[in-house]
Amino acid sequence: MKVLLALLLVLAAALPARAQDAFLANLPRLGAGFGEQAAAAEELGAAGDPRALPVLQALSDGRLLRRADGSLLIQSVPGQAVEAVSGTAADPAGAETVRINNRVRAALRVALGRLQIVANDPEARLTAVQGVLRSRSASDIPILETALARETVPRIRAQIELALAASRLAADNPDVKRAAIAGLAANGSDTARSILLESRAANPALSDEIAAAVASIDRTLALRRAAETLFQGLSLGSVLLLAALGLAVTFGVMGVINMAHGEFVMLGAYTTFLVQQACRDIPWLLPWSLPLSVPAAFLVAAAVGAIMERGLIRHLYGRPLETLLMTFGVGMMIQQAVRIAFGAQNREVLSPSWMQGTLTLPGGVMVTQNRLWIIVFGIAVLLLVMAAIRFTRFGLEMRAVVQNRRIAATMGIRTGRVDALTFAFGSGIAGMAGVALSQIDNVSPNLGTGYIVDSFMVVVFGGVGSLAGTLVGAFTLGIVNKVLEPYAGAVLAKVAVLVGIMLFIQRRPKGLFALKGRAADS
Amino acid sequence: MKGNSLYLDGVSVVFDGFRALNNLSLIVEPGEMRAVIGPNGAGKTTMMDVITGKTRPTAGTVRFGDHDLTRMDEASIANLGIGRKFQKPTVFDALTVFENLELALKAPRGTLAALHWRLGTEAHEKIDETLSEIGLTAGAQDLAGILSHGQRQWLEIGMLLMQDPQLLLVDEPVAGMTDQETEHTAALLRRIAGTRSVVVVEHDLEFVRALGRKVTVLHEGTVLSEGPIDQVQGDPRVIEVYLGR
Amino acid sequence: MAPRRRPYTTAALGAALLLLALVPVLNGLPDTHALHVSDFIVSIVGKWICYAILALAIDIAWGYAGILSLGHGAFFALGGYAMGMHLMRRIGDRGVYGHPVLPDFMVFLGYPELPWYWLGFDNFPFAMAMALLVPGALAGLVGWLAFRSRITGVYFSIITQAMTYALMLAFFRNDMGFGGNNGFTDFKDLLGVPLNTRAARAGLFYAALVSLALCLLICAYVVKSKLGRVLVAVRDAESRVRFLGYNVTSYKLFVFVLSAMISGLAGALYVPLVGIINPGEFSPGNSIEAVIWVAVGGRGTLGGALLGAFSVNAVKTWLTSFAPDFWPFVLGGLFVAVTLFLPKGLVGLLRRRGG
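This is a predicted model, so every value here is computed, not measured.

What counts, and at which threshold
- Residues numbered from 1 in each chain as written.
- Chains lettered and ligands numbered in written order.
- Predicted model: local features only at pLDDT ≥ 70, side-chain atom pairs only at ≥ 80, totals over all residues.
- Helix = DSSP H or I, 4+ residues; strand = E, 2+ residues; numbered from the N terminus.
- Buried ≥ 20, exposed ≤ 12 C-beta atoms within 10 Å, placed from the backbone.
- Contact = placed C-beta atoms within 7 Å.
- Rg over C-alpha atoms; globule rule 2.2 N^0.38 Å.
- Pairing = 2+ DSSP bridges.
- Nonpolar A, V, L, I, M, F, W, Y, C, P; charged D, E, K, R; others polar.
- Axes fitted to C-alpha atoms, helices over the stretch in contact; angles between N-to-C directions.
- Expected span 1.5 Å × (residues − 1).
- Parallel < 35°, antiparallel > 145°, perpendicular 65-115°, else oblique.
- Left-handed = near helix turned anticlockwise from the far one by under 90°.
- Core = buried A, V, L, I, M, F, W, Y, C linked by C-beta atoms within 7 Å.
- Domains from an automatic or database assignment.
- pLDDT = per-residue confidence, 0-100.
- Arc of directions from axis to C-beta.

Colleague: Quick one: what's the story with the overall build of chain A, residue by residue and with numbers?
Modeller: The secondary structure content of chain A amounts to 21 helices and seven strands. C-alpha atoms of chain A, sized along the principal axes, occupy 105 × 65 × 40 Å. By the burial criterion, 42% of the 522 residues in chain A qualify as buried. Here the contacts in chain A between residues at least 6 apart in sequence split such that 69% fall between residues at least 24 apart.

Colleague: Residues and numbers for the overall build of chain B, please.
Modeller: The secondary structure content of chain B amounts to ten helices and ten strands. In terms of C-alpha radius of gyration, chain B reaches 18 Å, essentially the compact-globule figure of 18 Å for 245 residues. For chain B, the C-alpha atoms occupy an extent of roughly 55 × 40 × 40 Å along the three principal directions. A burial count over chain B gives 41% of its 245 residues as buried. Residue pairs at least 24 apart in sequence account for 69% of intrachain contacts in chain B once pairs closer than 6 positions are excluded.

Colleague: Report on the pairing of strand 1 (residues 6–15) of chain B, specifying residues and quantitative values.
Modeller: All names here are of chain B. Examined bridge by bridge, strand 1 and strand 2 (residues 18–28) share seven bridges and lie antiparallel to one another. What sits directly across from L8, in strand 2, is L26. Hairpin connection between strand 1 and strand 2: a loop of two residues separates the two successive antiparallel strands, and D16 in this loop has a positive phi of roughly 45°. Summarising the sheet, strand 1 and strand 4 (residues 59–64) pair through five bridges and their orientation is antiparallel. When the sheet's bridge partners are listed, L6 is paired in strand 4 with F64.

Colleague: Pulling in residues and values, what's your account of the interface of chain A and chain C?
Modeller: Between chain A and chain C, the residue contacts involve 29 residues of the former and 33 residues of the latter. Elements with a minimum of two residues in the side of chain A that touches chain C: helix 14 (320–342), helix 19 (449–462) and helix 20 (467–507) of chain A. Element by element, the count of residues in the side of chain A that touches chain C is highest for helix 14 of chain A, at 13 residues. In the side of chain A that touches chain C, the residues fall into 23 nonpolar, four polar and two charged.

Colleague: Outline the sheet that holds strand 1 of chain B, listing residues and values.
Modeller: Residue and element names in this part refer to chain B. The strand order across the open sheet formed by four strands is 2-1-4-5, and the pairing between neighbours is antiparallel. The open sheet has two edge strands with one neighbour each: strand 2 and strand 5 (67–68). Here helix 1 (residues 44–51) sits on the sheet and contacts strand 1, strand 2 and strand 4; the angle it forms with strand 2, its principal contact strand, is near 65°.

Colleague: Describe the pairing of strand 3 (residues 33–37) of chain B, naming the residues involved and giving the relevant values.
Modeller: Residues and elements named next belong to chain B. In terms of burial, strand 3 is a largely internal element, five of the five residues being buried. Taking every second residue as pointing to the same face, both faces of strand 3 are buried, with M33, A35 and I37 on one and R34 and V36 on the other. Direction of pairing for strand 3 relative to strand 8 (residues 197–201): parallel, over a ladder of four bridges. Counted as the bridge partner of A35 is V200 from strand 8. As defined by bridge partners, strand 3 adjoins strand 9 (residues 214–219) across four bridges and the pair is classed as parallel.

Colleague: Mind laying out helix 12 (residues 261–279) of chain A, listing which residues take part and the relevant values?
Modeller: Between its first and last C-alpha atoms helix 12 of chain A spans 27 Å; for 19 residues at 1.5 Å apiece the expected length is 27 Å, and the two agree. With 15 of 19 residues buried, helix 12 of chain A lies mostly within the body of the structure.

Colleague: Run through the packing of helix 16 (residues 393–403) of chain A against helix 18 (residues 415–437) of chain A, naming residues and quoting values.
Modeller: Residue and element names in this part refer to chain A. Relative to each other, helix 16 and helix 18 sit at 110°, their axes nearing to 10 Å. Relative to helix 18, the element helix 16 lies roughly perpendicular. Together, F394, E397, M398 and V401 of helix 16 and T415, V418, L421 and T422 of helix 18 make up the contact between the two elements. Residues that form the contact of helix 16 with helix 18 fall into these classes: five nonpolar, two polar and one charged.

Colleague: Which residues make up the interface of chain B and chain C, and what values do they have?
Modeller: Chain B puts 25 residues into the contact, and the matching count from chain C is 23 residues. Of all the secondary structure elements, the ones that give two or more residues to the side of chain B that touches chain C are helix 2 (74–80), helix 3 (97–104) and helix 4 (111–115) of chain B. By residue number, the principal contributor to the side of chain B that touches chain C is helix 3 of chain B, which donates five residues. Within the side of chain B that touches chain C, the residues separate by chemical class into twelve nonpolar, seven polar and six charged.

Colleague: Which residues make up the packing of helix 2 (residues 39–64) of chain C against helix 12 (residues 302–322) of chain C, and what values go with them?
Modeller: Residues and elements named next belong to chain C. As a packed pair, helix 2 and helix 12 sit with axes 8 Å apart at the nearest point and diverge in direction by 140°. With respect to helix 12, the element helix 2 is oriented oblique. The interaxial crossing formed by helix 2 with helix 12 has right-handed handedness. In contact with I44, W48, Y51, A52, A55, L56 and D59 of helix 2, helix 12 contributes L302, A305, L306, G308, A309, F310, N313 and T317.

Colleague: Residues and numbers for the sheet that holds strand 3 (residues 81–83) of chain A, please.
Modeller: Residues and elements named next belong to chain A. Reading across from one edge, 4-3-2-1-5 is the order of the five strands in this open sheet, with antiparallel pairing throughout. The sheet terminates laterally at strand 4 (89–90) and strand 5 (96–97), the two strands that pair on one side only. Summarising the sheet, strand 3 and strand 4 pair through two bridges and their orientation is antiparallel. Pairing of V82 across the sheet is with A89, part of strand 4.

Colleague: Give me the nonpolar core: which residues, what numbers.
Modeller: Membership of the largest hydrophobic core comes to 275 residues, with the highest contact counts inside it found for A52, I53, A55, L56 and I292 of chain C. The contacts of L56 of chain C, once residues within four sequence positions are left out, are C215, L216, C219, I262, L302, A305 and L306 of chain C. If you look at the next biggest cluster of nonpolar residues, it comprises 27 residues, including L133, A163, L164 and I217 of chain A.

Colleague: How would you sum up the domain arrangement of chain A? Please name residues and give values.
Modeller: Once the domains are mapped, chain A shows domain 1 (22–116) and domain 2 (223–521). Computed over C-alpha atoms only, the centres of domain 1 of chain A and domain 2 of chain A are separated by 62 Å.

Colleague: Report on unusual backbone geometry, specifying residues and quantitative values.
Modeller: Most peptide bonds take the trans configuration, and most residues that are not glycine carry a negative phi. Phi at E220 of chain B is positive, roughly 50°, even though this residue is not glycine. Position of E220 of chain B relative to the elements: it lies in the loop between strand 9 and strand 10 (222–227). Backbone geometry places R150 of chain C, a non-glycine residue, at a positive phi of 60°. By the secondary structure assignment, R150 of chain C is in the loop between helix 5 (124–148) and helix 6 (153–172).

Colleague: Run through the confidence of the model for chain B, naming residues and quoting values.
Modeller: Summing up the model confidence of chain B, the mean pLDDT is 82 and the portion of residues at 70 or higher is 98%. Model confidence for the complex is summarised by a pTM of 0.79, with the ipTM given as 0.87.

Colleague: Lay out helix 10 (residues 190–199) of chain A with the relevant residues and their values.
Modeller: All names here are of chain A. Where helix 10 is concerned, the buried positions are A192, R193, I195, L196 and S199. Down the axis of helix 10, the sector holding all buried residues measures 160°, keeping them to one side. Of the exposed residues in helix 10, the ones pointing more than 90 degrees away from its buried face are D190 and S194. Tucked into the core, helix 10 has its buried residues touching helix 8 (154–169), helix 9 (174–187) and helix 11 (207–253).

Colleague: Just give me the short version of the environment of P103 of chain C, but keep the residues and values in it.
Modeller: Residue and element names in this part refer to chain C. Considering the arrangement of structural elements, one finds P103 in the loop between helix 3 (72–91) and helix 4 (104–109). A tally of 25 C-beta atoms within 10 Å means that P103 is categorised as buried. Distance in space between the C-alpha atoms of P103 and D93 is 8.4 Å, their sequence separation being ten residues. Once residues within four sequence positions are removed from consideration, P103 is found in contact with M88, I91 and G95.

Colleague: Could you give an account of the environment of N182 of chain C, naming the residues involved and the relevant values?
Modeller: Residue and element names in this part refer to chain C. Along the chain, N182 falls in the loop between helix 6 and strand 1 (184–185). You can call N182 partly exposed: it has 15 C-beta atoms within 10 Å. Taking the C-alpha atoms as reference, N182 lies 17 Å from Y165; in sequence the two are 17 residues apart. Here N182 is in contact with F105 and N278, once residues within four sequence places are set aside.

Okay, structure coming up:
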């Protein structure tokens, strides 16, 4: 029985050895003369055996040692080594470093590149493919074909396909070349474009095809760039929308200018942080801490808003400039209180796994998941606010008080309560904006300060008192900002947008969606 | 009688699809006093706004003599000699009665002129004259903010006198006044009217009858009827508008 | 015709200015003398004088004409930058890199030559003129755009806040040529006098004090003229003023530009006193803090602006020396308390007490 087992073990060990005899055969040659070394490296690379990888890597790094008997060791750190053949630990004493020259180095580079394509680590494979892509030789075709057959990760597959097309373009057969050009055109990336451009000189006969392919890539790239800019603009716009929606209610509907609005956003972000802390010890709840934060942030900010309205703001109705100064003071105090309670440093709010990562849309458009969720969230909040104003009893009372306070009061509406609720509502929306911002910005006491100016610009641009204006305003500013950014840089784009708004309100002082006529005068 | 005539032709004002004025035409001759009446929302105030440059007409011509008023702003129109008295009296509360009149006094309106302006004897006399005319001599150094409603109306009329306009637009001058105040106001207006064109917008038909001049009836932004008060009051269309449908 | 003369106020203001003039004199006394004041006090009071000039500027726009700018810190900072550019040019080859023309930061950032907009700043009168004209021109542009399209009240406040915010972002950039987020510092001398000497401090102090007195006279002349009364009228009933035939836009523009130039002067005086200017001066918080000085003192009175600037800053200096964390609460509380309980500020309180 024992004998049988031993026999099986021997067989099991021998089987791969037989299959990889190229590896075993070539291994000793790595310790021989430069010519032998280069030839062995080439053959090992072509064989595509993953076990050759550490050995070649060690040779390339100057960590391959040779004992007097010719057997090879791989040195990990000085004083420690393993056998190149088996990977078992060995004593490096007495072994000397195997030297290489430039010719061997070049052969190693190619071989390593080919070998890494089949490595287990996807990142290593990706790096390897990119290395092969740089060399662009027809001799890579078979190995790339093999790699493509085994590859399962889509983004690596795309890279292999690209490398394959590039290598085929270097082949002799014009038909293979044509197929490669078509493949590169279909790939549509910047790299494909530059490969095509570089191949023009070597392939004068195919210049028409290449030119057509480049033109087609240019169109794809322009479209993709436009789509990505649009997405970034929408994403920035939805952040602005979230930050400005609350203002649209407090400023637009109530006429109260709340400079502490940014601090309500900040409170929302800190609530998100606290909810996450609370969920930390309950593993099944942790992924849901962010959705849980939404109502929590709404309630916290709304409560602070209600207290502020009842305690302070209502004494200043009809005095907008005083309200502005007073709320700024309150904002300053809230910010300092948070700074003392939580410290001035950034607090980390984690994104749940379902919000992480990048999504590749058809056509190679890359979008980050959390930005996508913020767009969805922003629009959802807008719809909720619109529904609340249009369909609820509270919304009806709010509209009544806005239109005619005295008549609303005579109809039995408690206007004071409506004021407090409206302000709390607007503040709560700011709190929800804070939940979204915690995903893309640092949660720090001055989080809100950076958004307050932009939010006011959105409301002024869109037209005070119009939610549709806020939506259009936010997305317009977001997109314009992102369109300008590549030309002017982020800061100057922002400055340009501010100047643009100044000029815009020359023509339409009341914003895009202005109320006209008598209603606008009051 | 020298002066310009006010000429409105085919004037329309549209707010968000709502026609506040609809093809309105009106001529006021120099020195004429005209009463404009009409129910709420007939476009009386909008008409005033168009004449004084507060609202730009969507279509139509507005001229004062040779001047195209649709191309001018409020200040230039005021400087042409068109004065306006608002329905709700607006005087400058933080200034004294005297200072209110001083600001209204016909004098260079430029910033530098104002910076170096000194009150001359002639101007001082003119202000004193007006003060006594509006019965506020004693309170000349009081802040306008402490005046009663009637006093504010008179101060505003006094300011119009200081402006010395050729055309005066008066919006509901007696609304919210006591009978006594109304009487005083009517007397003041008659005195002002003397050499100027005056357009009085009023709700109160009795007050208009007392003026005894040509009447224009506005309805839904257009002229419904025009003529002496008796003729207008007999017009079946006017009766329908006023007495309801 | 000035019916509401207040001789006591004028006398009190004069006395206060004279008292301030004593500060550098007392600084010159021997250290052991009972009335000796430290160098620190001289520069801190000098700073407050600059703040008082800024408060005066805000007051003539806000208190009299009702134009609440939340961007006056930008005019102040622009004046400061103009002075800073002069001081940087005067460093000459004494910088760390010893370049004869380029300031250190330009050598560091690899500027081949002086940008065109730095030319002329080695000349003191030119730099001073720019300290007034650049803020004036910016105010003229922003004011013209805003006032002609009838942007008033909080809208104007928001626009001006956006203006200073945009300038802050721009000045933080290295490629603007204004030293990025470090701004300018390490100044050597002004008009040949080394800056960190007692004589220079006293000189700067008196320059600020004389400027304050001059600005006070100019502002008093303006607000007591008919123009000042038109501004008050604009504040209270803008459209009525138009119907009287006044071009409201040009009146507002006049006072706004004047106010910006005074702010620029304040900034130019401030920079050599504190020895640094950086983009933080543009931060919207600075502008709004200056507004609260005026509110605390009492807007619509020139003395109130000065009183507010000195009192709030005195409390700030005192409090931040031992409880800096507490200061934002006090400042925030001031915003709330003044708007709710003291709409006329300290001056209103004094007047009520005085009957």
